[in-house]
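Single-letter residue listing:
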Amino acid sequence: MSLLQKQTLDSFIKSVGKKTLNDYSEMTGIERTRLFRLFHGAPMKLTEFETLQSFLFEKGGEVIDWKHVVAQRQLKEQSRDQKISADLSIQIERSQRLSEFLEDLGQRRAA
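In this convention, every chain numbers its residues from 1, walking through the sequence in written order. Confidence filtering applies because this is a predicted model: local features only for residues at pLDDT of at least 70, side-chain atom pairs given and counted only at 80 or more, and all residues used for totals across whole chains, interfaces and linings. Remark: hydrogens and water are excluded; side-chain values derive from all non-hydrogen atoms of the structure.

K.L.:
What am I meant to see in the overall build of the protein here?
P.N.:
Within the protein, the secondary structure is distributed over 5 helices and 0 strands. Here a helix means four or more residues in a row that DSSP labels H or I, a strand means two or more in a row labelled E, and each is numbered from the N terminus. When the elements of the protein are put in sequence order from the N terminus, they spell out α-α-α-α-α. Here the globule rule is a power law, 2.2 Å times the number of residues to the power 0.38, and the radius of gyration is based on C-alpha atoms. On C-alpha atoms alone, the protein measures out to a radius of gyration of 26 Å, which is more than a quarter above the 13 Å that the 2.2 N^0.38 rule sets for 111 residues. Considering only C-alpha atoms, the protein reaches an extent of 85 × 25 × 20 Å along its principal axes. Residue burial in the protein is summarised as follows: out of 111 residues, 22% are buried. On the protein, roughly 8,600 Å² of surface is accessible, and the fraction owed to carbon and sulfur atoms is 53%. Residues scored as charged are limited to Lys and Arg (positive) and Asp and Glu (negative), so that His and the chain ends carry no count. A charge is said to be at NZ when it belongs to Lys, at CZ for Arg, at CG for Asp and at CD for Glu. Counting 18 positive and 16 negative side-chain charges, the protein places the averaged centre of each group 5 Å from the other. Three exposure classes are used, based on accessible area relative to the maximum for each residue type with a 1.4 Å probe and protein chains only: buried under 20%, partly exposed in between, and exposed over 50%. Methods summary: accessible areas were calculated by the Shrake-Rupley approach with a probe of 1.4 Å, and residue burial reflects only the protein chains presented.

K.L.:
I tried to follow the domain arrangement of the protein on my own but got confused; where do I start?
P.N.:
Reports of interface size often rely on the accessible area that becomes lost once the parts have come together. Domain annotation for the protein reports domain 1 (3-59) and domain 2 (65-111). Domain extents, as shown, originate in an automatic or database domain assignment. Domain 1 and domain 2 are separated by 42 Å when their C-alpha centres are compared.

K.L.:
Explain the side chain of Q5 here, please?
P.N.:
Relative to the helices and strands, Q5 resides in helix α1 (residues 3-16). Looking at Q5, the relative accessible area reads 5%, which means it is buried. What Q5 contacts, discounting residues up to four positions off in sequence, is L38, G41, A42, P43 and M44. The contact definition used throughout considers only heavy atoms, calling two residues in contact when any of these lie within 4.5 Å.

K.L.:
Even after reading the chapter, I still don't get the nonpolar core, so can you show me in this structure?
P.N.:
Nonpolar side chains in soluble globular proteins generally cluster together in the buried interior. Throughout this description, the term nonpolar core refers to a set of buried Ala, Val, Leu, Ile, Met, Phe, Trp, Tyr and Cys residues connected via side-chain atoms within 4.5 Å. One finds F12, M44 and L52 to be the most contacted residues of the largest nonpolar core, which totals 13 residues. Filtering out sequence-adjacent residues up to four positions away, L52 remains in contact with T8, L9, F12, T28, I30 and M44.

K.L.:
Before we go on, may I ask you to explain the packing of aromatic side chains in this structure?
P.N.:
Between two aromatic rings, the relevant description is the distance of the centres plus the angle of the planes. Each pair of aromatic rings taken from Phe, Tyr and Trp, with Trp reduced to its six-membered ring, is defined by centres within 6.5 Å and is described as stacked if the planes are under 30 degrees apart, edge-to-face if over 60, and tilted in the remaining cases. Within this structure, the stated rule accounts for 3 aromatic pairs. Ring plane angle 65 degrees and centroid distance 5.1 Å describe the contact between F12 and Y24, whose orientation is recorded as edge-to-face. You can see F12 sitting in helix α1 and its partner Y24 sitting in helix α2 (residues 21-28), a full 12 residues away along the chain. For the pair F12 and Y24, one class covers both residues: buried. Through a chain of ring-to-ring contacts, the aromatic side chains of F12, Y24, F39 and F55 assemble into a single cluster.

Structure representation (structure tokens):
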């Protein structure tokens, strides 16, 4: 389950309290079987996200600043990609040094 989806569902439950899936379905217009799937990790559709966010906005609940969440996720992905690039660069450098060492060792033995 994505962070954005988890925060949205947590805010929804916090706003309306623990109720049955039938109650949640009546409040939001989202089918109860679909809500069950969402609460158990199925990916949320954009329309469902918008529906829940609109409901939270109307009820004065905690609306998710999705732009901030998306920006945070992008920063994490960039830092992960940069770390992978740095690790790969180190491995390439080690491989080149090992190749040079083995080549030099082979030349010494030939002489």
